[in-house]
Amino acid sequence: RKTILLISTVYLLGSALEAASGVVPRPASPLERSSIGLCLLLAGRAVCGVASGSSTVVVPMYLGEISPPHLRGALGTCFQLTCCTG
(Lines give C-alpha, C1' and ligand atoms only; values in the text may rest on other atoms or scores of the structure.)
Protein backbone atom coordinates (compact mmCIF):
# COMPACT_ATOMS: atom_id res chain seq x y z
CA ARG A 1 0.00 0.00 0.00
CA LYS A 2 2.82 2.41 0.81
CA THR A 3 4.47 1.53 -2.48
CA ILE A 4 1.36 2.54 -4.39
CA LEU A 5 1.34 5.88 -2.56
CA LEU A 6 5.00 6.35 -3.45
CA ILE A 7 4.26 5.63 -7.11
CA SER A 8 1.45 8.19 -6.98
CA THR A 9 3.97 10.74 -5.79
CA VAL A 10 6.22 9.89 -8.74
CA TYR A 11 3.23 10.38 -11.09
CA LEU A 12 2.64 13.77 -9.46
CA LEU A 13 6.27 14.77 -9.98
CA GLY A 14 6.17 13.74 -13.63
CA SER A 15 2.95 15.60 -14.31
CA ALA A 16 4.34 18.70 -12.57
CA LEU A 17 7.37 18.59 -14.88
CA GLU A 18 5.12 18.24 -17.91
CA ALA A 19 2.95 21.15 -16.78
CA ALA A 20 6.02 23.29 -16.10
CA SER A 21 7.16 22.81 -19.68
CA GLY A 22 4.40 25.15 -20.84
CA VAL A 23 5.09 27.95 -18.37
CA VAL A 24 8.82 28.41 -18.80
CA PRO A 25 9.78 32.12 -18.40
CA ARG A 26 10.43 33.86 -21.68
CA PRO A 27 14.19 34.12 -22.36
CA ALA A 28 15.91 36.31 -24.94
CA SER A 29 15.69 33.90 -27.86
CA PRO A 30 12.68 31.78 -28.84
CA LEU A 31 14.93 28.80 -29.55
CA GLU A 32 16.13 28.75 -25.95
CA ARG A 33 12.57 28.70 -24.62
CA SER A 34 11.51 25.81 -26.76
CA SER A 35 14.56 23.75 -25.82
CA ILE A 36 14.02 24.26 -22.07
CA GLY A 37 10.33 23.44 -22.43
CA LEU A 38 11.10 20.38 -24.52
CA CYS A 39 13.63 19.12 -21.97
CA LEU A 40 11.09 19.54 -19.17
CA LEU A 41 8.44 17.76 -21.20
CA LEU A 42 10.74 14.84 -22.01
CA ALA A 43 11.87 14.56 -18.38
CA GLY A 44 8.24 14.53 -17.23
CA ARG A 45 7.36 11.86 -19.76
CA ALA A 46 10.30 9.72 -18.60
CA VAL A 47 9.30 10.06 -14.95
CA CYS A 48 5.67 9.18 -15.74
CA GLY A 49 6.90 6.19 -17.76
CA VAL A 50 8.86 4.88 -14.80
CA ALA A 51 5.81 5.34 -12.57
CA SER A 52 3.61 3.58 -15.12
CA GLY A 53 5.93 0.59 -15.30
CA SER A 54 6.16 0.43 -11.52
CA SER A 55 2.40 0.50 -11.07
CA THR A 56 2.02 -2.23 -13.68
CA VAL A 57 4.15 -4.46 -11.45
CA VAL A 58 2.88 -3.43 -8.01
CA VAL A 59 -0.90 -3.19 -8.52
CA PRO A 60 -1.47 -6.82 -9.61
CA MET A 61 0.53 -8.03 -6.61
CA TYR A 62 -1.55 -5.85 -4.30
CA LEU A 63 -4.78 -7.09 -5.89
CA GLY A 64 -3.62 -10.67 -5.41
CA GLU A 65 -2.92 -10.05 -1.75
CA ILE A 66 -6.20 -8.37 -0.82
CA SER A 67 -8.65 -10.32 -2.97
CA PRO A 68 -10.41 -13.46 -1.78
CA PRO A 69 -8.99 -16.68 -3.24
CA HIS A 70 -11.93 -17.34 -5.55
CA LEU A 71 -11.55 -13.91 -7.24
CA ARG A 72 -7.76 -13.65 -7.59
CA GLY A 73 -7.56 -14.93 -11.14
CA ALA A 74 -10.45 -12.79 -12.32
CA LEU A 75 -9.06 -9.60 -10.78
CA GLY A 76 -5.61 -10.23 -12.23
CA THR A 77 -7.12 -10.87 -15.65
CA CYS A 78 -9.29 -7.75 -15.47
CA PHE A 79 -6.28 -5.61 -14.59
CA GLN A 80 -4.30 -6.96 -17.56
CA LEU A 81 -7.31 -6.51 -19.82
CA THR A 82 -7.75 -2.87 -18.85
CA CYS A 83 -4.01 -2.25 -19.35
CA CYS A 84 -4.15 -3.69 -22.85
CA THR A 85 -7.40 -2.11 -24.00
CA GLY A 86 -6.91 1.27 -22.39
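Our subject is the structure that appears above.
Residues numbered from 1 in each chain as written. Predicted model: local features only at pLDDT ≥ 70, side-chain atom pairs only at ≥ 80, totals over all residues. Heavy atoms only, no water.

A. Examining the overall build of the protein chain more closely. Scanning the protein chain from terminus to terminus reveals three helices and zero strands. Walking the protein chain from its N terminus toward its C terminus, one meets helices and strands in the order α-α-α. A burial count over the protein chain gives 14% of its 86 residues as buried. A fraction of 56% describes how many contacts in the protein chain between residues 6 or more apart in sequence connect residues 24 or more apart. Summed over its atoms, the accessible surface of the protein chain is roughly 6200 Å², and 70% of this surface lies on carbon and sulfur atoms. (Helix = DSSP H or I, 4+ residues; strand = E, 2+ residues; numbered from the N terminus. Buried < 20%, exposed > 50% of the residue type's maximum accessible area, 1.4 Å probe, protein only. Contact = heavy atoms within 4.5 Å. Areas by Shrake-Rupley, 256 points an atom, 1.4 Å probe, with all protein chains shown as cover.)

B. Summary view of helix H3 (residues 72-85). Under the 1.5 Å per step criterion, the end-to-end length of H3 is 20 Å for 14 residues, consistent within 8% with the ideal 20 Å. In the segment just after H3, Gly86 is the residue with positive phi, at about 90°. (Expected span 1.5 Å × (residues − 1).)

C. Region of the structure containing the environment of Ala74. With respect to the helices and strands, the residue Ala74 is situated in helix H3. Of the residues examined, Ala74 reaches a relative accessible area of 41% and is grouped as partly exposed. Between the alpha carbons of Ala74 and Gly64 there is a distance of 9.9 Å; along the sequence they are ten residues apart.

D. Representation of the environment of Leu38. Structurally, Leu38 is set in helix H2 (residues 30-66). By relative accessible area, Leu38 is classed as partly exposed at 46%. Separated by 17 residues in sequence, Leu38 and Ser21 have C-alpha atoms that sit 6.7 Å apart.

E. Structural detail: the side chain of Ser55. Tracing the backbone through its elements, the reader meets Ser55 in helix H2. Within the structure, Ser55 has its side chain in polar contact with the side chain of Tyr11 (distance 3.2 Å). Beyond its immediate stretch of four places on either side in the chain, Ser55 contacts Ile7, Tyr11, Pro60 and Phe79. (Polar contact = N/O pair within 3.5 Å; in protein donor to acceptor, adjacent residues only side chain to side chain.)

F. Representation of the environment of Ala16 within the structure. Its location among the elements puts Ala16 in helix H1 (residues 2-20). On the accessibility criterion, Ala16 (44% relative accessible area) is partly exposed. Each C-alpha atom, one on Ala16 and one on Gly44, is 7.4 Å from the other, the two residues being 28 residues apart in sequence.

G. Quick look at the side chain of Ser67. On the secondary structure map, Ser67 appears in the loop between H2 and H3. The class of Ser67 is buried, set by a relative accessible area of 5%. In this view, Ser67 contacts Arg72 and Leu75; residues no more than four positions away in its chain are not counted.

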